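Residue-level structure breakdown
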Amino acid sequence: MTRAVWMRGLLGVAPVVLALSLWQAAVWLGDLPRFILPGPAAVAQTLWHSRALIAEHALVTLTEVLAGLMLGAALGGVSAIGLAASALARRLVQPILVFTQAVPVFALAPILTLWFGYGMGSKIAMALIIIYFPVTASFLDALTRTHPGWLELARVMGASPLRVLWHIRVPAALPGFASGVKLAAVYAPIGAIIGEWVGASRGLGYLMLLANGRAKTDLMFAALIVLALLTLALHWAVGAGLRRMLQRYGA
Amino acid sequence: MNAPALALHGTAHIAGRLVFGPLSLNAPAGCWTCLLGPSGVGKSTILRLFAGLGDGIAFDGALSGAGQVALMAQDDLLLPWLSVLDNVTLGARLRGQAVDGGAALQVLERVGLADRAGDRPGDLSGGQRQRVALARTLTEDRPVVLLDEPFSALDARTRAQMQDLTVELLTGRTVLLVTHDPAEAARLGHVLFILTEDGLQEVPPPDGPIPRPVGDAAVLAAQARLLTHLGAVPVAGAGTRGAAPRAPRDIFPKKEPGAGLPRGRR
Ligand SMILES: Nc1ncnc2c1ncn2[C@@H]1O[C@H](COP(=O)(O)OP(=O)(O)O)[C@@H](O)[C@H]1O
Ligand SMILES: [Mg+2]
């Protein structure tokens, strides 16, 4: 291994060390009791001891997030194509979409729980709603920015608008769709967690609420860290997967 | 092949600025008409008008013959996600017609790229990409073919080969070729037009069928004539000769302050 590689590795670990040090310093300097802010060591210990419990709840959350992400991406993709195909649809639906964005998603959580129950359904719906707009907006934006030269080529060739959409606009806009889905991968866990806070008996959000209520702050932090790591891993995996898909696609 | 003649009479503005005109251009049916001129004088604009892409062009005048055309734009416009072969057959797919992969492969063979049929355009050089765009245009079975500097990215030998091939495959069609290369115009034009900042001018072509031999004396002489008309070579009496086409511009009232200024290199 060369020096440069060592240096890079060191620089990669450094932020983690810095964050942990600041955290530990806050605990020491503030002389904080364990139920207010446990130190990193205490959280690590809890993380290890409660790993089965945390994993069980994490699996529930992950399932909700993945289901919401897939449904949201599919629905957002179809909506964007539909909106791109029809100017009338754009006129009718775009203002509604913009209006719904002004509604805080949090406010919808109770009603979704009422409609879809305490199980995964309401959480998946929550994740779906929170990612639907970024996916649709990002894809639709790309669909309306097709290279004008390609559109002119298609026009001279005598293509119908629908064939232009299918053969040129959609493939050309896939990178835009991909960036929407990548963003969605970060938002989706937020939706699932909100849903779990409002009403659930399983999932990381539920576990965090439960731990908080019983003053098991270390467990709360352990669940929070797992949630953050899950989100990062998901973002990375979705990004890598999409990159690979687009590469094979030649775009 | 019942190819129509092309005709354009009029003036064109883009975004309130005069691009060309008033001018009158006739391209006879079934012939090669070459439109030669420096950059920015409106050659591509004329092709776009014939191709029905005049949305952004304020054209005041008459246009005829433009119907079913094939256009090879200055840009190759290859779709990066499609293979070379799929790019060549794009037209059929966009019209929902049966794709004749065999015929497309044959044209690719003729432009020397059959072995690259499965590659993506991104893996090709500029000259190869231009040949794929040429193959795509030649595969479009249209009575009128508009070519905008179709050989500009090719080396001299490949260019001559592609010119020969294009003449062969487009026999009987009405072809309007835009170029800034006098040698190309002298070699390929049944009819030659020069478009400069001063207006449009028809120049007699050399004798003989096209494609004319590259080193032919008559072709070289025509090439020299074209260069003179372009203003690249000063000759005796060029002053009076150059002044003549300028007259129409002054007869017509200027629509805006900058209209009479030399255009092109903006
Ligand atoms: N989309 C456009 N917007 C504004 N000006 C344009 C546009 N397209 C062309 N022009 C102008 O019209 C003139 C002629 O352009 P063009 O027909 O492309 O010239 P040529 O093909 O002879 O090089 C140029 O001065 C150019 O700047
Ligand atoms: Mg041009």
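Looking up chain B in an unreviewed UniProt entry gives the name Putative hydroxymethylpyrimidine transport system ATP-binding protein, with the organism given as Thalassovita litoralis. Per UniProt, the comment on chain B under Sequence similarities (unreviewed entry) is "Belongs to the ABC transporter superfamily."

Looking at an unreviewed UniProt entry, one finds chain A named Putative hydroxymethylpyrimidine transport system permease protein, with Thalassovita litoralis as its source organism. Its UniProt record gives chain A a comment under Subcellular location (unreviewed entry), which states: "Cell membrane". As recorded by UniProt, the Sequence similarities (unreviewed entry) comment attached to chain A reads in full: "Belongs to the binding-protein-dependent transport system permease family."

Some remarks on the pattern of salt bridges
If you walk through the whole model with that rule in mind, you get 12 salt bridges over all chains. Arginine 145 of chain A is the partner of aspartate 141 of chain A in a salt bridge, and the nearest nitrogen-oxygen pair spans 3.0 Å. The residue arginine 187 of chain B makes a salt bridge to aspartate 164 of chain B at a minimum N-O spacing of 2.7 Å. A residue pair is termed long-range when its members are at least 10 positions apart, and arginine 187 of chain B in helix H7 (residues 182–188) and aspartate 164 of chain B in helix H6 (residues 156–169) qualify at 23 residues. Given the relative accessible area of 7%, arginine 187 of chain B is considered buried.

A look at the interface of chain A and chain B
Listed as interface residues are 21 residues of chain A and, on the opposing side, 24 residues of chain B. Roughly 1900 Å² is buried in total at the junction of chain A and chain B, and carbon and sulfur atoms are behind 63% of that figure. Counting the surface chain A buries against chain B, the share from its top three residues, Trp150, Val156 and Met157 of chain A, is 35%. The interface formed by chain A and chain B contains 2 salt bridges. Our count for the contact surface shared by chain A and chain B stands at 5 residue pairs in polar contact (both at pLDDT 80 or more). Secondary-structure elements contributing two or more residues to the side of chain A that touches chain B are helix H7 (148–156), helix H8 (161–198) and helix H10 (217–249) of chain A. The leading source of residues in the side of chain A that touches chain B is H7 of chain A, at 7 residues. For the side of chain A that touches chain B, the per-class residue count stands at 11 nonpolar, 6 polar and 4 charged.

Points about a nonpolar patch on the surface
There is a patch of nonpolar side chains on the surface, built from Val13, Val16, Val17 and Leu20 of chain A and spanning about 320 Å² of accessible area. As for its position among the elements, leucine 20 of chain A is in helix H1 (residues 3–30).

So, the UniProt feature "transmembrane region" (unreviewed entry) in chain A
All names here are of chain A. Under the UniProt annotation, "transmembrane region" (unreviewed entry) lies at residues 65–89, 96–118, 124–143, 172–199 and 219–238. What you have in residues 172–199 is 96% helix and 0% strand, and the ends, taken at the C-alpha atoms, are 42 Å apart. Between the C-alpha atoms that bound residues 219–238 the distance is 28 Å, and the span itself is 100% helix and 0% strand.

Looking at the sheet that holds strand E5 (residues 69–72) of chain B
To summarise the sheet geometry, strands pair through backbone hydrogen bonds and adopt either a parallel or an antiparallel arrangement. Residue and element names in this part refer to chain B. Spatial ordering of the open sheet is given by E5-E6-E7-E3-E8-E9, a layout of 6 strands whose pairing is mixed. For this open sheet the edge positions go to E5 and strand E9 (199–203), each flanked by a neighbour on one side alone. For this sheet, the mean angle separating the axes of adjacent strands, direction not counted, is 15°. Two strands pair when backbone bridges link them, and strand E8 (residues 191–196) and E9 are joined in this way by 5 bridges, in the antiparallel orientation. Bridge assignment links leucine 192 to a residue of E9, and that residue is valine 203.

Comments concerning the UniProt feature "domain: ABC transmembrane type-1" (unreviewed entry) in chain A
Listed under "domain: ABC transmembrane type-1" (unreviewed entry) in the UniProt record, and renumbered for this structure, are residues 58–238 of chain A. End C-alpha to end C-alpha, residues 58–238 of chain A measures 18 Å, and it is 88% helix and 0% strand.

Each value, and the rule that gives it
Numbering of residues begins from 1 in every chain and follows the order in which that chain's sequence is written. For this description, chains carry letters from A and ligands carry numbers from 1, given in the order in which they are written. Under the rules for a predicted model, residues below a pLDDT of 70 receive no local features and side-chain atom pairs below 80 are neither given nor counted, while totals for whole chains, interfaces and linings still include all residues. Each side-chain value is worked out from all heavy atoms of the structure, with water and hydrogens disregarded. UniProt positions are given in the numbering used here, feature names are shortened, and annotations may be inferred rather than shown by experiment. Here, a salt bridge means any side-chain nitrogen of Lys or Arg that lies within 4 Å of a carboxyl oxygen of Asp or Glu. Secondary structure elements follow DSSP: runs of H or I of four or more residues count as helices, runs of E of two or more count as strands, with numbering from the N terminus. For every residue, the accessible area obtained with a 1.4 Å probe (protein chains only) is divided by the maximum for its type, and the residue is called buried under 20%, exposed over 50%, and partly exposed between those limits. Here a residue-residue contact requires only that any non-hydrogen atoms of the pair lie within 4.5 Å. Buried area: the sum, over both parts, of the accessible surface (1.4 Å probe) that disappears when the two are put together. Within 3.5 Å is the distance limit for a polar contact, defined as a pair of N or O atoms, with the added protein rule that one can donate a hydrogen and the other accept it, and that residues adjacent in sequence qualify only through two side-chain atoms. Only Asp, Glu, Lys and Arg are considered charged in this grouping, and only Ala, Val, Leu, Ile, Met, Phe, Trp, Tyr, Cys and Pro are considered nonpolar; every other residue, Gly among them, is considered polar. Patch criteria: residues need more than 30% relative accessible area and no salt bridge. Like-charged residues are merged within 9 Å; nonpolar side chains of Val, Leu, Ile, Met, Phe, Trp and Tyr are merged within 5 Å. Each accessible area is a Shrake-Rupley result for a 1.4 Å probe, and residues are judged covered by the shown protein chains and nothing else. Here the rule is simple: two strands pair whenever DSSP picks up at least two bridges between them. The angle between two axes is taken between their N-to-C directions and runs from 0 to 180 degrees, where each axis is a line fitted to C-alpha atoms and a helix contributes only its stretch in contact.

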